[in-house]
Structures are given as C-alpha cells and as structure tokens.
Amino acid sequence: MKKLKVYIPGIKFPSISVTGEYCYLNCAHCGRHYLKGMLKVTRKSLLERCMEMEKEGYTGCLLSGGMDSRLKVPLDKFKDEIKAIKEKTKLKINAHVGFVDESDLEWLKYIDVVSLDFVGDNEVIKRVYKIDKKVEDYLRVLDLLTENGIRVAPHITIGLDFGKVHWEFKAIDILVNYPIDVLVLDVLIPTPGTEMANVPKVPVDEAIRVVKYAREKFSGELSIGCMRPFGEWRVKFDREAILAGVDRITNPPRKIIEWAKKIRDVEIIYECCVM
C-alpha cells in the first residue's frame, strides 16, 4: 500500500471562528456546539493573532465560523485581513465558506484550500440544515471554485441523515466527476445538546462500506477527517479504513498509529488533512 499520511492539526494548525459562537443556523447535528472549541477573533485581532501564531511556530489555520443570514461564513468581511495574512506571513489557510458566489472571488484567491461540506440529497439538506437549498446549489459553489482555480476539498459526513446511511454513495458518484485531488469522509458524532444527541452511532461496518465505495470510485487521495466518534468505535473504524486503503487519516488513536507503522510507511503531518 501507499504511504499513510497521519494528520494532527491541533498542535500547529488551530481552528479559528470569525463569528465567535454565533451561527444563524441551528443544524440538527451541530447546534452551534463545534464553534465553542475554536479560537475567537475579530476583524481587528485576526491579522495580529496570525502574525503571533507564525512566530510561535504554527504553520497555518482553519478559518471558520457560523453562517450568517446569507448562508455564508462572513469571511468576505475579513478580506483585507486575509490578504494581509498571505502577504505578511507564510501561514497556510484552509477555510469553511458556505454558499459563496462570484462576489467572493476577490478574496477566495488568497485561500489555499476550501473545505466544502457536501450533501447529495435534497431531503437530507432540508432535514438536517433546515435551509432552502438543493444539491444544485452545492454544485454551483463547487463549479465556481473549481472553474476559477480555487482548490476545494469536499467533505461527506457519513450518517448525516440522523444516523442513516444511504445518500453518501450518490454524493461520491457526483464528486468523482470534479477536478478534486482529495475527498474527505467524516462520520456523524451524536453530539449532546443537539437534535441528534440520542441517534445511535453509525455501525462501523456501515461506515466502512462507504469508505470502500469511495476508494473504489475515487482516484485521488481519500482522507478520513477529524469528525468521527471517539473511543473503541474510532479504534475499530480507523483500523478498517487504513486496511481499505485510505491515503490520509486525522487524529487516529496512538495505538492505531503504532499498528499502522507495521503495515505501511507512515508520515506525521501537523496540519489539516486537506493540506
């Protein structure tokens, strides 16, 4: 098998929220929970914080945050700061962007890679995100980014439909037709305080079925992202995913790293898995 790239982003590649803990949406799987663990910045503090991060040995960051009423992460309001980060530091930028349009191309050119959550089913979009968007709206964003030379890494969350696995295969079939070099697979975490708090974890064998399908269909690098259940579930899933031939995996348990070294050449990278 090819080299396995193990990504550990938390040490040198932090996640930053430009909206604090605010999000216009209250999605069934997230409920604004994941914003709480991010660094918080304002327009005034973003550049200064990034310059400090470079001095402290950080290699980059994920620029993220909640959606606003336009269904965008409002990074366009930070466009001058983003440009300055790229001009004054060597930091790499991964970004969550939401439903960007042509007006955003001015600042998107300074982003190294866009991590785009992709949903390939209209009903799942409605049930989980509660927004008036369809698959074609996601594809419009994907077209905009790829046609303008902006690197994009689509993310599929296995089990996003309240733990049920079905739409993911269709999403993979759609995405393999796009000029992407890495496809990221996450797995639903039933998160306390959300509508999905009591949803059973996706069975490991069901999640691996999606991984194997993606490996068969996608010729680029296949990555296991940072969002997936912890504990014994992760140990079992990560082992099976590595055996299935994924190229990248984020934050695997230490014993999985040591086991993987026995069957594959392993490289440790302290960045987001899309870099």
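Reading guide: rules and limits
- Residues numbered from 1 in each chain as written.
- Predicted model: local features only at pLDDT ≥ 70, side-chain atom pairs only at ≥ 80, totals over all residues.
- Heavy atoms only, no water.
- Salt bridge = Lys/Arg side-chain N within 4 Å of Asp/Glu carboxyl O.
- Helix = DSSP H or I, 4+ residues; strand = E, 2+ residues; numbered from the N terminus.
- Buried < 20%, exposed > 50% of the residue type's maximum accessible area, 1.4 Å probe, protein only.
- Contact = heavy atoms within 4.5 Å.
- Polar contact = N/O pair within 3.5 Å; in protein donor to acceptor, adjacent residues only side chain to side chain.
- Axes fitted to C-alpha atoms, helices over the stretch in contact; angles between N-to-C directions.
- Parallel < 35°, antiparallel > 145°, perpendicular 65-115°, else oblique.
- Left-handed = near helix turned anticlockwise from the far one by under 90°.
- Nonpolar A, V, L, I, M, F, W, Y, C, P; charged D, E, K, R; others polar.
- UniProt positions renumbered as here; feature names shortened; annotations may be inferred.

Participant: I'd like a rundown of the pattern of salt bridges, residues and numbers included.
Facilitator: Evaluated as defined, the whole model comprises 25 salt bridges. In this structure, Lys130 engages Glu195 in a salt bridge whose closest nitrogen and oxygen atoms are separated by 2.8 Å. Taken together, the positions of Lys130 in the loop between α4 (122-129) and α5 (135-147) and Glu195 in the loop between β8 (182-187) and α7 (204-217) put the pair 65 residues apart, joining distant regions of the chain. A residue is classified by how much of its surface remains accessible, and Glu195, at 49% relative accessible area, is partly exposed. In this structure, Arg140 engages Asp137 in a salt bridge whose closest nitrogen and oxygen atoms are separated by 2.7 Å. One end of the pair is Arg140 and the other is Asp137, both in helix α5 and three residues apart, which spans about a single turn.

Participant: Just give me the short version of the environment of Glu221, but keep the residues and values in it.
Facilitator: The topology assignment puts Glu221 in strand β9 (residues 221-224). A sequence separation of 40 residues divides Glu221 from Asp181, and the C-alpha atoms of the two residues are 6.1 Å apart. Residues in contact with Glu221, not counting those within four places in the same chain, are Lys5, Asp181, Val182, Leu183, Asp247 and Arg248. Here the side chain of Glu221 touches Arg248 through a polar contact of 2.7 Å, side chain to side chain.

Participant: Quick rundown of the packing of α7 against helix α8 (residues 231-243)? Include the residues and the values.
Facilitator: One way to put it is that α7 packs onto α8 with a least axis distance of 10 Å and a crossing angle of 30 degrees. For the element pair α7 / α8, the angle class is roughly parallel. Crossing handedness for the pair α7 and α8: right-handed. Between α7, through Val204, Ala207, Ile208 and Val211, and α8, the contact on the second element is made entirely by Trp233, Lys236, Phe237, Glu240 and Ala241. Grouping the constituent residues of the contact of α7 with α8 by class yields seven nonpolar, no polar and two charged.

Participant: So what's going on with unusual backbone geometry? Residues and values would help.
Facilitator: Positive phi values are uncommon outside glycine, yet Arg32 reaches one of about 70 degrees. Within the secondary structure layout, Arg32 lies in the loop between β2 (15-17) and β3 (39-40). A relative accessible area of 32% means that Arg32 is categorised as partly exposed. Its identity as a non-glycine residue notwithstanding, Lys130 has a phi of 60 degrees, on the positive side.

Participant: Pulling in residues and values, what's your account of the UniProt feature "domain: Elp3/MiaA/NifB-like radical SAM core" (unreviewed entry) in the protein chain?
Facilitator: The UniProt record marks residues 13-216 with the feature "domain: Elp3/MiaA/NifB-like radical SAM core" (unreviewed entry), using the residue numbering of this structure. The span residues 13-216 carries 34% helix and 16% strand; its end-to-end C-alpha distance comes to 31 Å.

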